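Fold and geometry: a report
The lines below spell out each chain.
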Amino acid sequence: AVTRLQAMHKFQFTRFLHQGVFFVEFNVLKAPFNDIRVRQAMNFAIDKNPVVQIALSGQGVPAYGTLPPSIAGYWPGIAQYRYSYDTKRALALLTQAGWVQQNGVLEKGGQPFTFTVFTWSDDAVKRAAQVVQSELKAIGIQMNIQNYDFGTLLSKVAAGDQQANFLGYTYSTADIEYIWFDTANIGTGLANSHDHDPKIDALIARMRSIVDVPAQNAAIADLQRYLADQALRREINDGLNVVEQWNSAND
């Protein structure tokens, strides 16, 4: 819709970053994502730039961590901290985890690397999933896509039925980290990676207990780094909010 309105040359547009992130999330209780090396490999194997261009028609920017720059406490260093698009590093990690390429297909114990990702019935999300599916196929991974209505998707991922899922959020503060990662929110909330990690809980508790802003930002940065280390997700994009205004010069 934005692209169509732009082509009319009758509007002025204001763009600002959406307070949220879109991502593919891994359930650490389900193979093959119970292996941290596989999760880290996925972070190297998925190129987020084509997803932004194809799925969002360029109306977004790549995301580099669990928080977007539009939320206070975002640590700018996360963009260079851990992962870039690098299929060689992805394949090296997968080799360490026991996966080998046979005729262009990754296998382990004679079984191909195949998994199913849960998504919801939204055109942009479907396009994003198809782009990621194509990228993973290029290194020998078969990603199947299962679509649900949004309510069913939330129920299934909270129950831990998924190997992986696409989701995103909109929120105004770094406390979103508690909602998505604290073990108190596994099963009944949105901690859909199902990672029972006491260090995550401790880092979140520290973040939430500090009042001094610089000290709190340092704690939020520590949490962002540790979450990246654990590779619970591959963040893909921060969306753009676009507001159009009628250009009176074109009346």
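Higher on the page you've got the structure.
Below or above, wherever it landed, is the structure these notes cover. Just so it is clear, the model here is predicted, and its values are computed rather than measured.

1. Concerning empty space enclosed by the protein
According to the stated counting rule, one finds one cavity of 30 Å³ or more in the structure shown. For the largest cavity, the calculated volume is near 190 Å³. Lining the largest cavity are 18 residues, and of these Tyr64, Gly65, Tyr83, Ala228 and Glu235 lie nearest its centre. Put simply, the parts of the chain that give the lining of the largest cavity at least two residues each are α4 (78-81), α10 (213-230) and β10 (233-246). Split by residue class, the lining of the largest cavity holds nine nonpolar, four polar and five charged.

2. Quick notes on the environment of Val131
Along the polypeptide, Val131 turns up in helix α6 (residues 123-137). Here Val131 falls in the buried class, since its relative accessible area comes to 10%. For the pair formed by Val131 and Val51, sequence separation is 80 residues and the distance between their alpha carbons is 6.1 Å. What Val131 contacts, discounting residues up to four positions off in sequence, is Pro50, Val51 and Ile54.

3. Regarding the nonpolar core
Leu94, Phe113, Phe115, Leu136, Ile141 and Phe166 are the most contacted members of the largest nonpolar core, which has 65 residues in total. If near-sequence neighbours (up to four positions away) are discounted, Phe115 is found in contact with Phe33, Met42, Leu136, Ile141, Gln142, Met143, Asn144, Gln163 and Ala164.

Rules and cut-offs
- Residues numbered from 1 in each chain as written.
- Predicted model: local features only at pLDDT ≥ 70, side-chain atom pairs only at ≥ 80, totals over all residues.
- Heavy atoms only, no water.
- 1 Å grid on protein atoms, 1.4 Å probe; cavity = no way out; pocket = protein on both sides within 12 Å on 5 of 7 lines; lining within 4 Å.
- Points joined across faces, edges and corners; volume = space filled by probe spheres on them.
- Helix = DSSP H or I, 4+ residues; strand = E, 2+ residues; numbered from the N terminus.
- Nonpolar A, V, L, I, M, F, W, Y, C, P; charged D, E, K, R; others polar.
- Buried < 20%, exposed > 50% of the residue type's maximum accessible area, 1.4 Å probe, protein only.
- Contact = heavy atoms within 4.5 Å.
- Core = buried A, V, L, I, M, F, W, Y, C linked by side-chain atoms within 4.5 Å.

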